[in-house]
Amino acid sequence: MCLSIPSKVVEVNKDEVTAIVDTMGVKRKVGIDFIADEVEEGDYVLIHIGYAMNIIDEEDALESIKVYQEILEKMDEEQRQEVQESMVKESDNCPNGGVT
Amino acid sequence: MSLQLKDLYDKFRDPATIKALAKLIGEEAKKLERPINVMEVCGGHTHTIMKYGLKQLLPESIEFIHGPGCPVCIMPKERIDHAYILAQQPDVILVTLGDMIKVPGSKGSLQDARSKGADVRFVYSPLDALKIAVENPDKTVIFFAIGFETTTPMTAALMDQAIERGLKNLLFHINHVTVPEVMKELIDSRDVHVDSYNNRIDAFIGPSHVSVIAGAKIYEPFPRAYHRPVVVSGFEPVDVMEGVLMLVKQFSEKRCELEVQYRRSVTYEGNLKAQAMINKYFEKRGLFKWRGLGNIPDSALKLRDEYAKFDAEKRYADILPKEEIEDHKLCICGDILRGMAKPTECQVFSTACKPSSPLGSCMVSSEGACAAYYKYGGVM
Ligand code: SF4
Ligand code: SF4
């Protein structure tokens, strides 16, 4: 149940201590009680049961993505093919019906 | 390059990256002197490991031990019975998060209570409880609060709002539990079946979103006092694989440290504002019983005395039973959680104990070790 969803802040309402966030196309209002002083439009945040928990560090996210890219580039062609072939199956979220 | 929202999903689930990391882990694991058992403490990680088949990508020398899972699965029957009884009081609306729907107490689940006519409402956010309280001024609304450190501040925020609005009809039944204490218990506690301090946990993958709030600092004692390295990892499959790689490297390089893989969201200190909010309303409870693990010292929170008038446990003290309900005698969840036994070694596994009629915590949620074995036929 500790899962949370990365979303983008579209609008901040400091008086109401809320923000409108976009979660892959779905817009909703969330509480920003824990990040009210810092949060700005355009920030990425993690949403957990109706509240933003933090502001995702963009630089760190980009850094990780870059590292993964480099790992992939270092692999030779044969390895890369092998990797590409084994696709990962997607299934439902928490099958127990939990709010995730 | 600037970050897109899509990247936060796709890049950390990219199949090629997952496989590439698996290769690196495989190479690194060759340097290991002995196999290692990694406990992923949190149900969220277990979920990722199963959904993406990560175990099958790892060398045999790396084994996952599925941890106590989630705050829902470890909720003891006593507490669910409390909710069940509260829900049946006249003029009470019991509100809780959707996760609680199916978890069985000794009288049944909250879903059963509802089908018997009790007013139980499953909500997505604690804020919904506020709305229900405002809309039903002549009812007593009781928020049955559950969750680890991740979820506790949201209950505190609800409390804040209720006080600010002068709401008199919103009470709280607090079941918030904390992660480091159960990790300590798994290492420290006496194993009842072999009567020794046995566990096979060599390292931990630290829960990600717990640390977004509480910081990585809460795991500081594990490398130091217990000699168990911890890597706080995100919930996406790429995060978990990178976390495993970091742990394996610690072993091959003979280091024992606290590291953070999930740097994009976890800092050492965590969210101080949320922590202050938790401290304002909550304090340690003393003993709290975890389904499958028994009483664990300081592993849960309760409302501070100043807020006693909001505490449903106090308000309804005379109708809420205090007796402990024993875990099922044959259940060996405790051993499974220490990595000392496999679910298939339990006498009632898949016979008397199934996901549809769980006897112990490891079978309650689909993320518990027994339920996973049941579903995946022991391949985990
Ligand atoms: S139902 Fe699933 S997501 Fe919800 S708390 Fe239990 S294991 Fe976690
Ligand atoms: S199969 Fe059921 S009774 Fe046996 S250990 Fe697992 S949860 Fe407990």
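Not measured: the values here are computed from a predicted model. (Residues numbered from 1 in each chain as written. Chains lettered and ligands numbered in written order. Predicted model: local features only at pLDDT ≥ 70, side-chain atom pairs only at ≥ 80, totals over all residues. Heavy atoms only, no water.)

### Some remarks on the interface of chain A and chain B
What counts here: We call two residues in contact when some of their heavy atoms are within 4.5 Å. The term buried area denotes the loss of accessible surface (1.4 Å probe radius) that occurs when two parts are joined, taken as the sum for both partners. What makes a salt bridge here is a side-chain nitrogen of Lys or Arg within 4 Å of a carboxyl oxygen of Asp or Glu, nothing more. What qualifies as a polar contact is a pair of N or O atoms within 3.5 Å, subject to a donor-acceptor requirement within protein and to the restriction that residues adjacent in sequence count only when both atoms come from side chains. Here a helix means four or more residues in a row that DSSP labels H or I, a strand means two or more in a row labelled E, and each is numbered from the N terminus. Only Asp, Glu, Lys and Arg are considered charged in this grouping, and only Ala, Val, Leu, Ile, Met, Phe, Trp, Tyr, Cys and Pro are considered nonpolar; every other residue, Gly among them, is considered polar.
At the interface, 56 residues of chain A touch 66 residues of chain B. Where chain A abuts chain B, roughly 5400 Å² becomes buried across the two surfaces, and 66% of that area is made up of carbon and sulfur atoms. The interface formed by chain A and chain B contains 2 salt bridges. One salt bridge in this structure joins D37(A) and K273(B), with 3.9 Å as the shortest N-O distance. Taken together, the connections running from chain A to chain B amount to 13 residue pairs in polar contact (both at pLDDT 80 or more). Within the residue set of the side of chain A that touches chain B, elements represented by two or more residues are β1 (5-13), β2 (18-23), β4 (44-48), β5 (51-55), α1 (58-74) and α2 (77-85) of chain A. Looking at the side of chain A that touches chain B element by element, the count peaks at 9 residues for α1(A). Of the residues in the side of chain A that touches chain B, the class split is 30 nonpolar, 14 polar and 12 charged.

### Brief notes about the packing of aromatic side chains
Residue and element names in this part refer to chain B. Selection rule: Any two of the Phe, Tyr and Trp rings considered here, Trp counted by its six-membered ring, make a pair once their centres fall within 6.5 Å; the pair's planes then place it as stacked at under 30 degrees, edge-to-face at over 60, or tilted in between. The rule is simple: take the accessible area with a 1.4 Å probe, protein chains only, and divide by the maximum for that residue type; under 20% is buried, over 50% is exposed, in between is partly exposed. The rule for a charge over a ring is simple: NZ of Lys or CZ of Arg within 6 Å of the ring centre, and within 35 degrees of the ring normal.
Taken as a whole and assessed by the stated rule, the structure comprises 7 aromatic pairs over all chains. Relative to F172, the ring of F143 has its centre 6.3 Å away and its plane inclined at 85°; by these criteria the two rings are edge-to-face. With F143 in strand β5 (residues 140-147) and F172 in strand β6 (residues 170-176), the pair connects residues that are 29 residues apart, well separated along the chain. A single burial state applies to F143 and to F172, both of which are buried. Three or more aromatic residues joined by ring pairs form one cluster here, namely F204, F222 and Y226. Its end group placed over the ring of F12, R264 keeps NZ or CZ at 3.6 Å from the ring centre.

### Details of the sheet that holds strand β7 (residues 203-206) of chain B
All names here are of chain B. Our working rule: Any two strands are treated as partners once DSSP identifies two or more bridges connecting them. Under this scheme, a helix contributes an axis fitted over its contacting stretch, all axes are lines through C-alpha atoms, and angles between N-to-C directions fall in the 0 to 180 degree range.
One open sheet accounts for 5 strands, arranged β2-β1-β7-β8-β9; its pairing is parallel. Looking along the sheet, the strands with just one partner apiece sit at the ends: β2 (62-69) and β9 (258-260). Geometrically, the sheet is characterised by an average inter-axis angle of 20° between neighbouring strands, direction not taken into account. Here strand β1 (residues 36-42) runs beside β7; their pairing, made up of 3 bridges, is parallel. When the bridges of β7 are listed, V38 appears paired with A203. Against the sheet, helix α3 (residues 43-51) engages β1, β2 and β7, with an angle of about 120° to β1.

### Here's the deal with the site of ligand 2
All names here are of chain B. Short version of the rule: What makes a residue near a molecule or strand is one non-hydrogen atom of that residue sitting within 4 Å of it.
Residues in close proximity to ligand 2 include C331, I332, C333, I336, C346, V348, F349, C353, G360, C362, M363 and C370, which together make up its full environment. For the shell around ligand 2, the secondary-structure elements that each account for two or more residues are α15 (333-337) and α16 (361-364). For the shell around ligand 2, the class distribution of residues is 11 nonpolar, 1 polar and no charged.

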